[in-house]
Amino acid sequence: MAMTVEINGLRCYARHGVLEQERIVGNEFEVTVHLHLNECGAVDSDDLSATVNYAEVCTLIRDVMNKPSQLLEHVCGRLRDAIRNGYPMVSGGMVRVAKLKPPIPAVQMQSVAIALEW
């Protein structure tokens, strides 16, 4: 039985960007993570240890987001690696990081984002 644990739209303030000013001032980001599990014993057992504790994953996301990177691609890779290292029951997934207020002059948009699937 396959299952996906989803964390959708986790908002945080971080200091990612190519421009030095972005790493000084920071920006608003939104992180979405989908974690695929080939087996999920919690369906039958109602036991948290038989699945991924999404509260812990949220803490892990915040910790990774607190370390600045220039590129969102790099942030996604660091998030993927942290999840894979901390949760071996995750067989694959998707990480999406959106910068909600990109510093692009004379352009209006909702966000820019990078999504990484594995």
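Here, the structure is the one placed above.
Here the structure is a predicted model, which is why all the values come from computation and not from measurement.

A. Region of interest: the pattern of salt bridges. Per the counting criterion, the structure on display carries three salt bridges. In this structure, the salt-bridge partner of E30 is R11, at a minimum N-O distance of 2.9 Å. Linking E30 in strand β2 (residues 27-37) with R11 in strand β1 (residues 3-14), this pair joins segments that are 19 residues apart in sequence. Here E30 falls in the buried class, since its relative accessible area comes to 19%.

B. A look at the side chain of N53. Take N53: it is sitting in the loop between α2 (42-45) and α3 (54-65). Owing to a relative accessible area of 19%, N53 belongs among the buried residues under this scheme. Excluding anything up to four places from it in sequence, N53 contacts L48 and Y87.

C. α3, seen in detail. Its twelve residues give α3 an end-to-end C-alpha distance of 16 Å, which sits within 8% of 16 Å, the value for a rise of 1.5 Å per residue. Taken together, the buried positions of α3 are occupied by V57, L60, I61, V64 and M65. Across the axial projection of α3, the buried residues extend over an arc of 130°, all falling on one side. Between a side-chain oxygen at the N-terminus of α3 and the backbone nitrogen of A55 the separation is 3.0 Å; the capping residue is N53.

D. How the structure looks around a nonpolar patch on the surface. On the surface, Y13, I24 and V25 cluster together into a nonpolar patch covering about 280 Å² of accessible area. Summarising the element assignment, Y13 is placed in strand β1. On the accessibility criterion, Y13 (42% relative accessible area) is partly exposed.

Cut-offs used in this document
Residues numbered from 1 in each chain as written. Predicted model: local features only at pLDDT ≥ 70, side-chain atom pairs only at ≥ 80, totals over all residues. Heavy atoms only, no water. Salt bridge = Lys/Arg side-chain N within 4 Å of Asp/Glu carboxyl O. Helix = DSSP H or I, 4+ residues; strand = E, 2+ residues; numbered from the N terminus. Buried < 20%, exposed > 50% of the residue type's maximum accessible area, 1.4 Å probe, protein only. Contact = heavy atoms within 4.5 Å. Expected span 1.5 Å × (residues − 1). Arc of directions from axis to C-beta. Polar contact = N/O pair within 3.5 Å; in protein donor to acceptor, adjacent residues only side chain to side chain. Patch = residues over 30% accessible without salt bridge, like charges linked within 9 Å, V, L, I, M, F, W, Y side chains within 5 Å. Areas by Shrake-Rupley, 256 points an atom, 1.4 Å probe, with all protein chains shown as cover.

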